[in-house]
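# Structural features, examined
The residues making up each chain are set out below.
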Amino acid sequence: MQRIRLRYAKRGPLRFTSHRDFARAFERALRRAGVPIAFSQGFTPHPKISYASAAPTGVGSEAEYLEIGLQAETDPEQLRVALDAALSPGLDVLEAVRAGAGSLADRIDASLWRLELFEVNPATAEEAVAAFLSADEVLVERMTKQGRRTFDARAAVVRCMVVSEPDLPSGAGGVPCAIIDLVVRQVTPAVRPDDVLSGLRVVAGLEPPVPARVTRLAQGTLTAQGEIVDPLEADREGVGIGGH
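Small disclaimer: the values here were computed from a predicted structure and weren't measured.

Looking now at the overall build of the protein. In terms of helices and strands, the protein carries four helices and 11 strands. Since a compact globule built from 244 residues should have a radius of gyration of about 18 Å, the 19 Å found for the protein is in line with a globular shape. Overall, the protein is about 55 × 40 × 35 Å in size when its C-alpha atoms are taken along their principal axes. A burial count over the protein gives 45% of its 244 residues as buried. Counted over contacts in the protein with a minimum sequence separation of 6, partners at least 24 positions apart contribute 76%. When the accessible surface of the protein is split by element, carbon and sulfur atoms take 51% of a total near 12300 Å². The averaged location of the 32 negative side-chain charges in the protein is 7 Å from the averaged location of its 28 positive side-chain charges.

What follows is the structure in structure tokens.
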């Protein structure tokens with residue numbers, strides 16, 4: 001069985017696609033593209049698809065990953081093109097590589113997020129971020145499958161900083177916008193960008209008047225220097241990124 005790893009994006013309105021909806025759309029795309037997907041054994045065979053750390057509903061992403069098993073050898077780039085064409089614009093397959101040794105999930109322990117806070121002055125955001133980072137603990141509440149839970153949103157945060165971005169993705173000229181880059185370790189329970197936003201409200205009363213736009217820019221292995229290594233780096237054989 002050949003294993004292929006894919007990087008895909010959720011862009012624009014398609015960021016509101018839930019993981020379950022994406023999984024259904026992806027299986028339909030596999031059929032439309034004629035991909036020779038392998039299936040599990042047993043009474044109810046399932047296509048061999050393994051997802052890694054899917055982004056929450058409503059969050060955009062440039063770095064979602066999955067692995068598929070194939071019954072026959074397939075060129076990764078041809079597969080990428082076929083699947084990209086079979087999915088709706090905004091669910092974009094950016095890269096496909098032959099899987100190397102090890103588990104894809106074992107190569108992902110942190111994410112880089114970008115938070116766009118519209119109608120928030122960057123100086124105000126910097127004060128809130130400074131208060132958040134100086135706290136030993138920032139307790140927030142969130143409803144989980146196990147009910148409402150209180151947990152520390154601070155401990156998992158590796159980096160949180162307000163950055164300058166001359167060309168806002170929104171194109172919202174004239175409207176103040178604070179942009180925060182956030183690196184978060186994967187922990188249990190997971191600390192999500194909205195938990196950090198809740199933490200900024202707890203420590204500094206920061207409440208954006210409109211919902212923040214959140215995009216995952218990268219995920220992978222966190223180095224000692226606080227950088228994130230792309231999980232496909234070890235699998236690449238001089239294959240460039242295709243797609244949009």
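Still to come is the rest of the account.
Our next topic: the pairing of strand β5 (residues 110–118). In terms of burial, β5 is a largely internal element, nine of the nine residues being buried. Side-chain alternation along β5 places Ala110, Leu112, Arg114, Glu116 and Phe118 on one buried face and Ser111, Trp113, Leu115 and Leu117 on a second face that is also buried. Note that β5 and strand β9 (residues 177–185) share nine bridges and pair antiparallel. Of the residues in β9, the one forming a bridge with Phe118 is Cys177. Here β5 pairs with strand β10 (residues 213–222) via seven bridges, running antiparallel. Within the sheet, the bridge partner assigned to Ser111 lies in β10 and is Gln219.

In this section: helix α3 (residues 122–134). Taking 1.5 Å of rise per residue, 13 residues should cover 18 Å, and α3 covers 18 Å from first to last C-alpha, within 8% of that figure. Burial in α3 covers these residues: Ala125, Ala128, Val129 and Phe132. What you see down the axis of α3 is that its buried residues fit within an arc of 100 degrees, all on one side. In α3, those exposed residues whose orientation departs by more than 90 degrees from the buried face are Glu127 and Ser134.

It is worth spelling out unusual backbone geometry at this point. That bond from Thr188 to Pro189 is cis: its omega, -5 degrees, falls within 30 degrees of zero. Looking at where Pro189 falls in the secondary structure, it is placed in the loop between β9 and α4 (193–204).

Quick look at α4 now. Two residues of an α-helix separated by three or four positions point the same way, owing to the 3.6 residues in each turn. Taking 1.5 Å of rise per residue, 12 residues should cover 16 Å, and α4 covers 16 Å from first to last C-alpha, within 8% of that figure. For α4, the complete set of buried residues consists of Pro193, Asp195, Val196, Leu197, Ser198, Gly199 and Leu200. Just downstream of α4 lies Gly205, where phi reads positive at about 65 degrees.

Now for the confidence of the model for the protein. Reading fine detail from the predicted coordinates is not recommended where pLDDT is low. When pLDDT is averaged along the protein, the result is 91, and 93% of the positions lie at 70 or above. For the stretch residues 238–244, pLDDT sits under 50, and the model shows 14 contacts to residues farther than four places along the chain or on other chains.

The subject of this paragraph is the pattern of salt bridges. For the structure on display, the rule yields 18 salt bridges. Across the pair Asp21 and Arg24 runs a salt bridge, and its minimum N-O distance is 2.4 Å. Remark: Arg24 and Asp21 occur in helix α1 (residues 19–32); sequence separation between them is three residues, near one turn of the helix. Arg24 sits in the partly exposed class, given a relative accessible area of 43%. The shortest N-O distance in the salt bridge between Arg148 and Glu141 comes to 3.7 Å.

Here we take up the environment of Ala33. Residue placement: Ala33 occurs in the loop between α1 and β2 (49–52). In this structure Ala33 comes out as partly exposed when scored by relative accessible area, which is 27%. In this structure the C-alpha to C-alpha distance between Ala33 and Leu79, which are 46 residues apart in sequence, comes to 8.2 Å. When near neighbours in sequence (up to four residues on either side) are disregarded, Ala33 contacts Ala82, Leu83 and Ala86.

Cut-offs used in this document
Residues numbered from 1 in each chain as written. Predicted model: local features only at pLDDT ≥ 70, side-chain atom pairs only at ≥ 80, totals over all residues. Heavy atoms only, no water. Helix = DSSP H or I, 4+ residues; strand = E, 2+ residues; numbered from the N terminus. Rg over C-alpha atoms; globule rule 2.2 N^0.38 Å. Buried < 20%, exposed > 50% of the residue type's maximum accessible area, 1.4 Å probe, protein only. Contact = heavy atoms within 4.5 Å. Areas by Shrake-Rupley, 256 points an atom, 1.4 Å probe, with all protein chains shown as cover. Lys, Arg positive; Asp, Glu negative; His and termini not counted. Charge placed at Lys NZ, Arg CZ, Asp CG, Glu CD. Pairing = 2+ DSSP bridges. Expected span 1.5 Å × (residues − 1). Arc of directions from axis to C-beta. pLDDT = per-residue confidence, 0-100. Salt bridge = Lys/Arg side-chain N within 4 Å of Asp/Glu carboxyl O.

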